[in-house]
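As a plain string of letters, each chain reads:
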Amino acid sequence: MNRAAYFTTELGIKTLARVLKASCRFHNEFYLPVGPAIFVINHFTRLETLLLPYYLYQLTNKKIWSLAVDSLFQGALKSYFDRVGVVSTRDPQRDELIIRTLITSEANWIIFPEGRMVKNKKLIRDKEFIIGEGEEARSPHKGAAVLGLRAEIIRRILIRHRHDNHDTDHLLYDRLGCSEKNKIDTESVKLVPINLTYYPIRAHDNFLSDLANRVVKDPSERMLEELMAEGTMFLEGVDIDIRFGKPLDTADYLSDDIVVKLAGGPVQEDFDEDPDLVAYLKDASRRIMQIYMERIYAATTINHDHVLAYLLRKRSFSPFDRLDLARKAYLAVNALQKNPRVRITLHHSLTEDQIHLLSDDRYQKVSSFLNLGLESECLIPEQGRFKKRESSWRESAAFHQARISNPSEVMANELEPLSDVQKLLSRVGFVPDWLVRLYIARSLYTYDQDLYKQEAAECQTESEIDRRFGVPYLLPARSWRTGVVLVHSYLSVPEEMKEMATLLRKRGFWVYGVRLPGHGTDPMLLSQKSVSDWRSAVERGYAIMSALCPKVAMVGFSAGGMLVLELGSHLQCLSGMVAVCPPFTLHDYSNRFKPPKDIWNRLLQRWKGNRNTQEFVEFEPENAAINYHHNPVAGVDQVGDLLEKTRDRFAHLSSPTLIISADQDQVIGSRSSLRVYEAIASEKKELLRITSTRHNIITGDLTGVEPRVRDAIASFLLSHTR
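This one's a predicted model, so the numbers in the text were calculated from it and none came from an experiment.

## A look at the overall build of the chain
Tallying secondary structure elements over the chain gives 27 helices and 21 strands in all. Looking at the chain as a whole, 57% of its 722 residues qualify as buried. Here the analysis covers contacts within the chain between residues at least 6 apart in sequence; of these, 77% occur between residues at least 24 apart.

Okay, structure coming up:
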């Protein structure tokens, strides 16, 4: 094997990468040792045997050789293996080659201690690592540990002889196929655990499996399973997290007696058969194997599928709702995030806010997982809910069918070596669904309250608005039938919707008044918030109401109305939506909201050129007590983004929708809300035009139209939620 082979491999891998939709992330590279190393790695797919040597070579700039099962050494694949340093497990010179290349720094090695792909990821029995089931069950291979220890012993013998100026015993050199001219590495041999975690794991017919069915006569069940599982993962997209564990230094496991005995005098031809050495290697390698297996699987990158699969395993065979599973997943992820030991092993998507699980599932974490269950038939639909198929969960799948027949079990099995994670998930899994809903509502409400207190504490100047007006509120009613989420306008506070909330409560609705981050505190803080911050707040409001009430509706004013429409376009379960005076585009706003176009463009250009520059526009609010008097340029820019995103979603609106507009609106113009009404796709949409010059026609009773608007909203919601 030569360096040129790796350059050839690099070209091949790059070509392969253009076809494969795989994204690799490396973690804990600081664990990579300087000296000789054997990388011990879990084995789940065939492709990792090709990719890993290349990736490790890129990280270490050192040749990476590996072992492969003898049956693969045929035809073109044998030629390729010979060029890039893959050695047959039955090669008679295997051990000597590994030891020589390690101690002379010629190459590092990859060894899969499981010996074969563990397709079902069933690894633990009686707290011990095992491979296979039933009569075929066995312990993982200890070969990596034995080779590492032998290499370290021989390395020490050779160094000791040279250091003491003894005549070098040519026996070892002859056996290893080298001479005393070879430089012996001064670093001890390390065993480096590596975990590969794939996400998502999906298996269904794809281009490769279809091709095999057409080209290969009677393809084996095993071949089709591998093409369906691995082909889907790599052709449709998979994240590969490659995480290094803490290395095991073989020097720490050497017996002093053994080292003194072997290194202290001349080496005998049959030294490998020394009873003390044989007993030592047998005992030490077993202990080392258990340690590196633990470290391999302790480095598992936990993802959404793991969490959902484990929670699903803990459920009974009674029907369950999608949101109930999602709520438990939300609580479970929060618990994992708070555990410092677990947090560092989370997939990057689990380190972020998980509110999407409780609202629109926009990243399809829950829906994709449940669809996989339906496709594999381990889940069955039942009147809009889901139910576990008993036969799929009570009977173990055949080894070569596990990734297809019940992939959820495969995912859940991967967590078995992680006791801390299992305890956290089990705790959540056994909580009744009704109690989870109450806990979700309470924790999100508390979070919103604390977030407001935190922002208020960050204010450097006295607030322009009474701090009491900025507090988000929850108003309970006698009936649990329907909850309504109220969203105030840009530059305002939840108090703006308080009269609407009070009326709805009297009509029997639970009500939650959302506070958009940056509001009710200081315009300076508002300039640091984004559309995603505001959307998350609205999602929390929806999550609170959906946890407490079976039906949910949403009402928003001005930009708050557009937030309602945007989120509503992702939710198919809303009983109703109301947008009061929603702006269609940023250009619809009058100079009262932002200055003339030429001045505004100069301010915007200056701000975007230096995001740290705080630019503000004087604002004349209709309700001075509940609105900021200074409008941050950054905030207006975010409003523009919100309007653009919402317009792109109008075609997806399907819930009953009421648009209310003021025919002489002096802030957004008379046509803006009408354009919103015309653009939305819902077949159940209504338009109510109010004669008024004011933009805010929902708060107070300044012109007499406000109570009528509030009554109209309540009537609309009652008609669609009974």
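## What to know about the nonpolar core
One finds F39, I302, L486, I713 and L717 to be the most contacted residues of the largest nonpolar core, which totals 155 residues. Per-element accounting of this core gives the leading share, ten residues, to helix α22 (residues 531-548). With residues near it in sequence (within four places) discarded, L717 still touches V484, L504, F509, A553, V555 and V578.

## With respect to the packing of aromatic side chains
For the structure shown, the criterion picks out nine aromatic pairs. Seen from their ring centres, Y54 and Y55 are 5.5 Å apart, and the 50° between their planes marks the pair as tilted. Judged by its relative accessible area of 8%, Y54 is buried. When the centroid spacing of 6.1 Å and the interplanar angle of 75° are considered together, the rings of Y445 and Y512 count as edge-to-face. Here Y445 is found in helix α19 (residues 433-458), whereas its partner Y512 is found in strand β15 (residues 510-514), with 67 residues between them in sequence.

## What to know about the side chain of T646
If you trace the backbone, T646 turns up in helix α25 (residues 633-647). T646 has contacts with M562, L565 and E566, leaving out every residue within four places of it along the chain.

## Some thoughts on the pattern of salt bridges
For the structure shown, the criterion picks out 29 salt bridges. One salt bridge connects R437 with D324, and the closest N-O pair in it is separated by 3.0 Å. Residue R437 is located in helix α19, and its partner D324 is located in helix α12 (residues 322-338); the two are separated by 113 residues in the primary sequence. The closest approach of N and O atoms between E706 and R694, which form a salt bridge, is 3.8 Å.

## Comments concerning the sheet that holds strand β13 (residues 473-475)
The sheet built from seven strands is open, its strands ordered β13-β15-β14-β16-β17-β20-β21 with mixed pairing. The open sheet has two edge strands, β13 and β21 (685-690), and neither has a second partner. Going across the sheet, the axis of each strand differs from the next one's by a mean of 15°, ignoring polarity. Inspection of the sheet shows β13 paired to β15 by three bridges, in the antiparallel sense. Residue L474 lies in a different strand from β15, and its bridge partner there is Y512. Strand contacts of helix α20 (residues 498-506): β13, β14 (482-487) and β15, with the helix running at about 20° to β13, the strand carrying the most contacts. Set on the sheet, helix α23 (residues 559-568) makes contact with β14, β16 (551-557), β17 (576-580) and β20 (657-662); between it and β16 the angle comes to about 145°.

## Quick word on the packing of α12 against α19
Here α12 crosses α19 at 55°, and the two axes come no closer than 10 Å. Between α12 and α19, the angle is such that the two are oblique. For α12 against α19, the interelement crossing comes out left-handed. Residue-level contacts link D324, R327, K328, Y330 and L331 of α12 to D433, V436, R437, Y439, I440 and L444 of α19. Here the contact of α12 with α19 is composed, by residue class, of six nonpolar, no polar and five charged.

## Points about the pairing of strand β2 (residues 37-41)
Most of β2 sits out of view: five of its five residues are buried. Burial along β2 is two-sided: the face carrying A37, F39 and I41 and the face carrying I38 and V40 are both buried. For β2 and strand β8 (residues 190-199), the ladder comprises five bridges, and the chain directions are parallel. Paired with I38 across the bridge in β8 is L191.

Definitions and limits used
- Residues numbered from 1 in each chain as written.
- Predicted model: local features only at pLDDT ≥ 70, side-chain atom pairs only at ≥ 80, totals over all residues.
- Heavy atoms only, no water.
- Helix = DSSP H or I, 4+ residues; strand = E, 2+ residues; numbered from the N terminus.
- Buried < 20%, exposed > 50% of the residue type's maximum accessible area, 1.4 Å probe, protein only.
- Contact = heavy atoms within 4.5 Å.
- Core = buried A, V, L, I, M, F, W, Y, C linked by side-chain atoms within 4.5 Å.
- Phe/Tyr/Trp six-rings, centres within 6.5 Å; stacked < 30°, edge-to-face > 60°.
- Salt bridge = Lys/Arg side-chain N within 4 Å of Asp/Glu carboxyl O.
- Pairing = 2+ DSSP bridges.
- Axes fitted to C-alpha atoms, helices over the stretch in contact; angles between N-to-C directions.
- Parallel < 35°, antiparallel > 145°, perpendicular 65-115°, else oblique.
- Left-handed = near helix turned anticlockwise from the far one by under 90°.
- Nonpolar A, V, L, I, M, F, W, Y, C, P; charged D, E, K, R; others polar.

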